[in-house]
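Close look at the chain arrangement
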Amino acid sequence: MAEMGKKGALDWYFKSNLLVRILIGLIGGAIVGLIVGPGIDVIRPLGTLFIRLLQMIVVPLIIATLVVGAASISPARLGKIGIKIVAFYLLTSAFAVAIGLLVGNIIRPGAGMDLAGVTGQAREVTPPAVIDTLLNIVPTNPFAAIAAGQVLPIIFFAIVFGIALSYLQISNDERIKAAGNTLFQIFDAAAEIMYIVVRWILQYAPIGVFALIAVVFGTQGAQAFGPLGMVTLAVYIGIALHLFGVYGGLLAINKLSFTRFIAGAREAMITAFVSRSSGGTLPVTMRNAEEKLGINRTVYGFTLPLGATINMDGTAIYQGVCALFIAFAIGMPLALPQQLTIIITAVLASIGTAGVPGAGAIMLLLVLDSVGMPVQEGTPVALAYAMILGIDALLDMGRTGLNVTGDLVGTSLVAKSEKEIDLSKWKKG
Ligand code: ASP
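To keep things clear, this report deals only with the structure shown in the data block. It should be emphasised that the depicted structure is a prediction, and the values quoted were computed from it without experimental measurement.

1. Topic: the overall build of the protein
Looking only at helices and strands, one finds 17 helices and zero strands in the protein. Relative to a compact globule of 429 residues, whose C-alpha radius of gyration would be 22 Å, the protein shows 22 Å and is just as compact. Seen through its principal axes, the protein has C-alpha atoms that stretch 75 × 55 × 40 Å. Buried positions account for 52% of the 429 residues belonging to the protein. For the protein, the share of sequence-separated contacts (at least 6 apart) that also reach a separation of at least 24 residues comes to 84%. Between the averaged position of the 27 positive side-chain charges in the protein and that of its 22 negative side-chain charges there is a distance of 10 Å.

In structure tokens form, the structure reads like this:
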């Protein structure tokens, strides 16, 4: 760069440690938001800009990384990685709901609130059509899927494309082989370009983080100290238990250091926390997997976009806690069979939750429906649900942070078992 070597006016900004700057943005934003209150909303565009920048590169990044990844390993290996990661995602999500229910039963948020009076009529539950969900993974028009940013169909098409590309590269026909290699290099270059762009975007992160967090705390912060404090507390205790107990335990069993993991994953964790979007955080998650955790692109290129779409442990915890809160608040505590039902529906609902802000609150409707607490106008259930919606941003921050952390834990474990991880990055240094 032309001006390299010269002392710039913004050196204090660009030359200081990025993570320290992001943390200052995080804490400063929370404090300023609480002090200023709702008026802080004027700086919302600064946060929106950060999210838009990240979203801008999500689709090209997934496609480039997945095509390169799928072209670089055998379909059999890819299948093995797929089975392992899906098993991890499902099991940890089931654990997460159980933790949410456990904490909820101990803290009993909403107990004694007595919103009762009217109780909603149990509505017929329409089970999500599993076969349709599966069929929808195959795009009828890949370009439409790309334009609409539908991650699962994009993953499917990119993998098929990448596998076919690998066959070009080993063709006996020199012309086809050369064309295959050229195309591979183009996707490889596109992926690298996206990583450079993520690095640039992260330079803006401290400002974006400040604005995002200040707006949430300015508009919703005070409410968290009110009667809903117990719900917030229960959700965050559940998240902490899952983070340290389940993830910490699984990493330890697999001889991976938890502290090194956090050091490598924290940019993604903070970005998820403030952006409240697993999908939007994906560029940062992928960058951390590659640069900080030393994971091979063939693994994370597949497991991370998949995780951002289907793996939502934080959302599962939230759904467990909120279902209990609503039941306590309307004076109809849930019996054991109902709680078991919640484990199943919350896992399914968390899989179906899109990686965008607030999606988990919509899927909570499904969970409530499954235990005979449909949200219908004028019912106490609707009242209790509306109360939770009032603090949704605060809860969404924690659950999204955990969602993304879970994707990285699963990816690290699968990468380790497949020997696709550079363990030197996990040593102190
Ligand atoms: N915001 C969450 C995510 O992107 C989903 C949710 O609302 O629970 O992971």
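So much for the structure itself; the text now carries on.
2. Notes on empty space enclosed by the protein
Once rolled over the atoms, a probe with the size of a water molecule shows which space is left empty. The final tally for this structure, using the stated rule, is one cavity of 30 Å³ or more. The computed volume of the largest cavity comes to approximately 60 Å³. Surrounding the largest cavity, 15 residues form its lining, Ala354, Val356, Asp396, Thr400 and Asn403 being those nearest its centre. Those elements that provide at least two residues to the lining of the largest cavity are α15 (359-370) and α17 (392-417). Ranked by residues supplied to the lining of the largest cavity, first place goes to α17 with four residues. A per-class count over the lining of the largest cavity returns four nonpolar, eight polar and three charged.

3. Let's talk about the nonpolar core
One finds Ile326, Ile342 and Met373 to be the most contacted residues of the largest nonpolar core, which totals 125 residues. In this structure isoleucine 342 touches Val97, Leu101, Gly320, Ala323, Leu334, Val347, Val367 and Val371, once residues within four positions along its chain are discounted. Counting five residues, the second largest nonpolar core, distinct from the first, contains Ile43, Ala211, Ala214 and Val215.

4. A word on the pattern of salt bridges
Should the charged atoms of two oppositely charged side chains come close, the side chains can pair. In the structure shown here, the tally under the stated rule is 14 salt bridges. The shortest N-O distance in the salt bridge between glutamate 291 and arginine 199 comes to 2.8 Å. With a gap of 92 residues between them, glutamate 291 in helix α11 (residues 278-292) and arginine 199 in helix α8 (residues 174-220) connect regions that are remote in the sequence. The partly exposed category is assigned to glutamate 291, whose relative accessible area is 27%. For aspartate 396, the salt bridge goes to arginine 399, with nearest N and O atoms at 3.3 Å. In this pair, aspartate 396 and arginine 399 both sit in helix α17, three residues apart, roughly one turn of the helix. Residue classification places arginine 399 among the buried residues on the basis of a relative accessible area of 1%. Each of Arg77, Lys80, Lys84, Glu418 and Glu420 takes part in one network of salt bridges that share partners.

5. Considerations on the packing of helix α3 (residues 44-72) against α8
Running from amino to carboxyl end, α3 crosses α8 at an angle of 155°, the nearest separation of the two axes being 7 Å. Comparing their axes, α8 and α3 come out roughly antiparallel. Read as a crossing pair, α3 and α8 show a hand that is left-handed. A per-class count over the contact of α3 with α8 returns 31 nonpolar, four polar and two charged.

6. Quick look at the environment of aspartate 41
The topology assignment puts aspartate 41 in the loop between α2 (18-36) and α3. Distance from aspartate 41 to glycine 301, taken between C-alpha atoms, is 36 Å for residues 260 residues apart in sequence. Apart from residues lying up to four places away in sequence, aspartate 41 is in contact with Val215 and Thr219. Within polar-contact distance, the side chain of aspartate 41 engages the side chain of arginine 44 at 2.9 Å.

7. Let's talk about the site of the ligand
Near the ligand lie 17 residues; those nearest to it are Ser278, Thr315, Gly360, Asp396 and Arg399. In the environment of the ligand, an oxygen atom lies 2.6 Å from a nitrogen or oxygen atom belonging to the side chain of threonine 315. At 3.1 Å from a nitrogen atom of the ligand is found a main-chain nitrogen or oxygen belonging to valine 356. Here the ligand, which alone exposes 270 Å², has 100% of that area covered by the protein. Placement of the ligand is best described as lying within the largest cavity. Contributing elements (two or more residues each) for the shell around the ligand: α15 and α17.

8. Topic: α8
Where α8 bends most, at tyrosine 204, the angle is about 50°, and the proline proline 206 comes one to four residues later. The backbone nitrogen of arginine 175 lies 2.9 Å from a side-chain oxygen of the residue at the head of α8, namely aspartate 173.

9. A look at the packing of helix α4 (residues 75-107) against α17
Where α4 contacts α17, the two axes come as close as 10 Å, and the packing angle between them is 140°. Classified by the interaxial angle, the pair formed by α4 and α17 is oblique. Judged by the twist between their axes, the crossing of α4 over α17 is right-handed. Between α4 and α17, the contacting residues are Ile81, Lys84, Ile85, Phe88 and Tyr89 on the first element and Gly406, Asp407, Val409, Gly410, Thr411, Leu413, Val414 and Ser417 on the second.

10. Quick notes on the layout of surface pockets
If you add up the space inside the largest pocket, you get close to 1200 Å³. For the largest pocket, the lining is made up of 44 residues, of which Leu152, Thr309, Ile310, Ile351 and Gly352 are closest to its centre. Of all elements in the fold, only α3, α4, α5 (130-135), α7 (151-169), α11, α12 (297-310), α14 (336-352) and α15 reach the threshold of two or more residues within the lining of the largest pocket. Looking at which element gives the most residues to the lining of the largest pocket, the answer is α4, with seven residues.

Cut-offs and rules
- Residues numbered from 1 in each chain as written.
- Predicted model: local features only at pLDDT ≥ 70, side-chain atom pairs only at ≥ 80, totals over all residues.
- Heavy atoms only, no water.
- Helix = DSSP H or I, 4+ residues; strand = E, 2+ residues; numbered from the N terminus.
- Rg over C-alpha atoms; globule rule 2.2 N^0.38 Å.
- Buried < 20%, exposed > 50% of the residue type's maximum accessible area, 1.4 Å probe, protein only.
- Contact = heavy atoms within 4.5 Å.
- Lys, Arg positive; Asp, Glu negative; His and termini not counted.
- Charge placed at Lys NZ, Arg CZ, Asp CG, Glu CD.
- 1 Å grid on protein atoms, 1.4 Å probe; cavity = no way out; pocket = protein on both sides within 12 Å on 5 of 7 lines; lining within 4 Å.
- Points joined across faces, edges and corners; volume = space filled by probe spheres on them.
- Nonpolar A, V, L, I, M, F, W, Y, C, P; charged D, E, K, R; others polar.
- Core = buried A, V, L, I, M, F, W, Y, C linked by side-chain atoms within 4.5 Å.
- Salt bridge = Lys/Arg side-chain N within 4 Å of Asp/Glu carboxyl O.
- Axes fitted to C-alpha atoms, helices over the stretch in contact; angles between N-to-C directions.
- Parallel < 35°, antiparallel > 145°, perpendicular 65-115°, else oblique.
- Left-handed = near helix turned anticlockwise from the far one by under 90°.
- Polar contact = N/O pair within 3.5 Å; in protein donor to acceptor, adjacent residues only side chain to side chain.
- Near = heavy atom within 4 Å.
- Areas by Shrake-Rupley, 256 points an atom, 1.4 Å probe, with all protein chains shown as cover.
- Sits in = over half its atoms within 2 Å of the grid points.
- Bend = angle between axes of the 7 residues up to and from the residue.

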